[in-house]
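Structural features, examined
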Amino acid sequence: MSKALRPRRAVERMKAYSPPTEGRAGKLRLDFNENTVGCSSHVAAFLRQQLNADRLSIYPEYAATRTELAAHFGVSEAELLLTNGTDEAVQLLINTFVDAGEDVIILQPSYAMYRFYAELAGATIREIFYRAETLAFPLEELLETIDEGTRAVLISNPNNPTGTGIGLDVIEKIAARAPAAAILLDEAYYEFFGVTALPLTRRFPNLFVSRTFSKAYGMAGMRLGCLLSDARNLSFVHKAQSPYSVNILAAMAVRAALSDPKYISQYVREVLDAREVLYAGLDRLGIPFYRSDANFVLMRLGDRGEEVREKLGAAGVLVRDRSHEIKGCVRVTVGTREQTNRFLAGLERIWRGGEDATEAEP
């Protein structure tokens, strides 16, 4: 009798990551920090016009997309790499610069894929926790942890789920402290924050910036991201990448999205206004929360977090439980002001009376 096939020890030790993504269509999606109203109409129109059976039978071509994205970011084409969402950018960075057993620093709580890909590579993970109570960025602790053995530092800016953003002065200190490590600034929520480390990539050759079109641009289903850095860095990363990891739909759609900057600016403005509505509503209900630099807010619901999430979900309003990372906390995505008021109405019915939120259904 043959023995059971055994995976690598790194895979054996990993916890499976299973995001709850099924059955969300048609509901008020305030759980995954997506664009809550959909992508620009230019995207769907462009795809309808350009797609045909022959186009889908051909492997993707990226030249025009690279040119337009490089112009959008203000970099050369050699300083930009198309990726299958931010996830592939993280995976490629680790696969390129980190050997098994080498040190990777991540902050906690933060985006789960940093740990996922570091563990998969067999790296030694060193965790630094956001400061208790305030969830402030632990700069001094991070600088003290970085040493000559550090190979990568992975930072979400603003951070998910805390909403914490850091300025360029902080990023400069980190990059200078770890000249032999790959420093990733994941700017998935840049459009809502407005601070980018991109200009620093010319001064610090160890610095990487990732961007995604899954959030503000409303193209999460397309899975398109970018990794930006020094051209020499990206020449190595490109060697570790599958040649056609970005599909033709994503490569085409992003060009249409870039052609409609007004849509993005209007949506971001609406979200920032709605975030203020959310703050005011939570204050009125006496629910503590953390102010955010992104399109989501972390609420402190204590031992009622699960109850609130379940009752809102039953009414078609989805939020994300983060209590496994920060006790008693639930994260809510900020959409439009109308969507925010709908969420607050359902939350108030539950919070004040312990009732369900059925009146919040569409």
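What comes next is a walk through the structure. These numbers were taken from a predicted model, which means no experiment stands behind them.

With that out of the way, let us pick up the overall build of the chain. Across its full length, the chain holds 14 helices and 13 strands. With the C-alpha coordinates of the chain rotated into their principal frame, the extents come out at 60 × 60 × 55 Å. Buried positions account for 53% of the 362 residues belonging to the chain. Residue pairs in contact within the chain that sit at least 24 positions apart in sequence constitute 71% of those at least 6 positions apart. Summing over all exposed atoms, the chain offers an accessible surface of approximately 16600 Å²; the carbon and sulfur share of this is 51%. The average position of the 43 basic charges and that of the 46 acidic charges among the side chains of the chain differ by 2 Å.

Looking now at the pattern of salt bridges. Per the stated rule, a full pass over the model turns up 22 salt bridges. Ionic pairing is found between Asp147 and Arg126, a salt bridge with its closest N-O pair at 3.1 Å. Here Asp147 is found in the loop between helix H7 (139-145) and strand E5 (150-156), whereas its partner Arg126 is found in strand E4 (residues 124-129), with 21 residues between them in sequence. Relative accessible area serves as the criterion here: at 36%, Asp147 is assigned to the partly exposed category. The class of Arg126 is partly exposed, set by a relative accessible area of 26%. Across the pair Arg322 and Glu325 runs a salt bridge whose closest N-O atoms are separated by 2.7 Å. For Glu325, a relative accessible area of 27% corresponds to the partly exposed category. If you follow the salt bridges from partner to partner, you end up with Asp103, Arg126 and Asp147 in one network.

Glancing now at the sheet that holds strand E9 (residues 289-290). Spatially, four strands are ordered E9-E10-E13-E12 in an open sheet, and the strand pairing comes out antiparallel. Looking at strand neighbours, the two that pair on one side only are E9 and strand E12 (320-321), the edges of this open sheet. Together, E9, strand E10 (296-300) and strand E13 (329-333) form the strand contacts of helix H12 (residues 261-285), whose direction differs from that of E10 by roughly 10 degrees.

Moving on, we get to the nonpolar core. Ranked by size, the top nonpolar core spans 93 residues in total, and within it Phe137, Ile174, Phe213 and Phe343 carry the most contacts. No other element matches H12, which puts 11 residues into this core. Apart from residues lying up to four places away in sequence, Ile174 is in contact with Phe137, Leu139, Leu142, Leu143, Ile146, Ile155, Ile166 and Ile183. Counting residues in each nonpolar core, the second largest holds 24 residues, with Leu93, Phe97, Ala152 and Phe208 among its members.

Two elements in contact, helix H5 (residues 85-97) and helix H10 (residues 231-239), have axes separated by 9 Å at closest approach and are oriented at 95 degrees. The orientation of H5 with respect to H10, classified from their angle, is roughly perpendicular. Side by side, H5 and H10 meet where Leu92, Thr96 and Phe97 of the first sit next to Asn233, Phe236 and Val237 of the second. Counted by class, the contact of H5 with H10 contains four nonpolar, two polar and no charged residues.

In this section: the state of the cysteines. A complete count under the given rule lists zero disulfides for this structure. The closest cysteine sulfur to the non-disulfide-bonded Cys39 is located on Cys226, 17 Å from its own sulfur. Its relative accessible area of 30% is what places Cys39 among the partly exposed residues.

What follows deals with the side chain of Asp103. Topologically, Asp103 is positioned in strand E3 (residues 103-108). If near-sequence neighbours (up to four positions away) are discounted, Asp103 is found in contact with Thr124, Arg126, Gly149, Thr150, Arg151 and Ala152.

Attention now moves to empty space enclosed by the protein. All told, the structure shown has one cavity of 30 Å³ or more when counted by the stated rule. Taken as a whole, the largest cavity holds about 30 Å³ of empty space. Together, Val75, Glu79, Leu198, Thr201, Arg202, Leu228 and Ser229 line the largest cavity. Among the residues making up the lining of the largest cavity, the classes are represented as three nonpolar, two polar and two charged.

Conventions we followed
- Residues numbered from 1 in each chain as written.
- Predicted model: local features only at pLDDT ≥ 70, side-chain atom pairs only at ≥ 80, totals over all residues.
- Heavy atoms only, no water.
- Helix = DSSP H or I, 4+ residues; strand = E, 2+ residues; numbered from the N terminus.
- Buried < 20%, exposed > 50% of the residue type's maximum accessible area, 1.4 Å probe, protein only.
- Contact = heavy atoms within 4.5 Å.
- Areas by Shrake-Rupley, 256 points an atom, 1.4 Å probe, with all protein chains shown as cover.
- Lys, Arg positive; Asp, Glu negative; His and termini not counted.
- Charge placed at Lys NZ, Arg CZ, Asp CG, Glu CD.
- Salt bridge = Lys/Arg side-chain N within 4 Å of Asp/Glu carboxyl O.
- Pairing = 2+ DSSP bridges.
- Axes fitted to C-alpha atoms, helices over the stretch in contact; angles between N-to-C directions.
- Core = buried A, V, L, I, M, F, W, Y, C linked by side-chain atoms within 4.5 Å.
- Parallel < 35°, antiparallel > 145°, perpendicular 65-115°, else oblique.
- Nonpolar A, V, L, I, M, F, W, Y, C, P; charged D, E, K, R; others polar.
- Disulfide = S-S within 2.5 Å.
- 1 Å grid on protein atoms, 1.4 Å probe; cavity = no way out; pocket = protein on both sides within 12 Å on 5 of 7 lines; lining within 4 Å.
- Points joined across faces, edges and corners; volume = space filled by probe spheres on them.

Function cannot be inferred from these measures alone, as they are strictly geometric.
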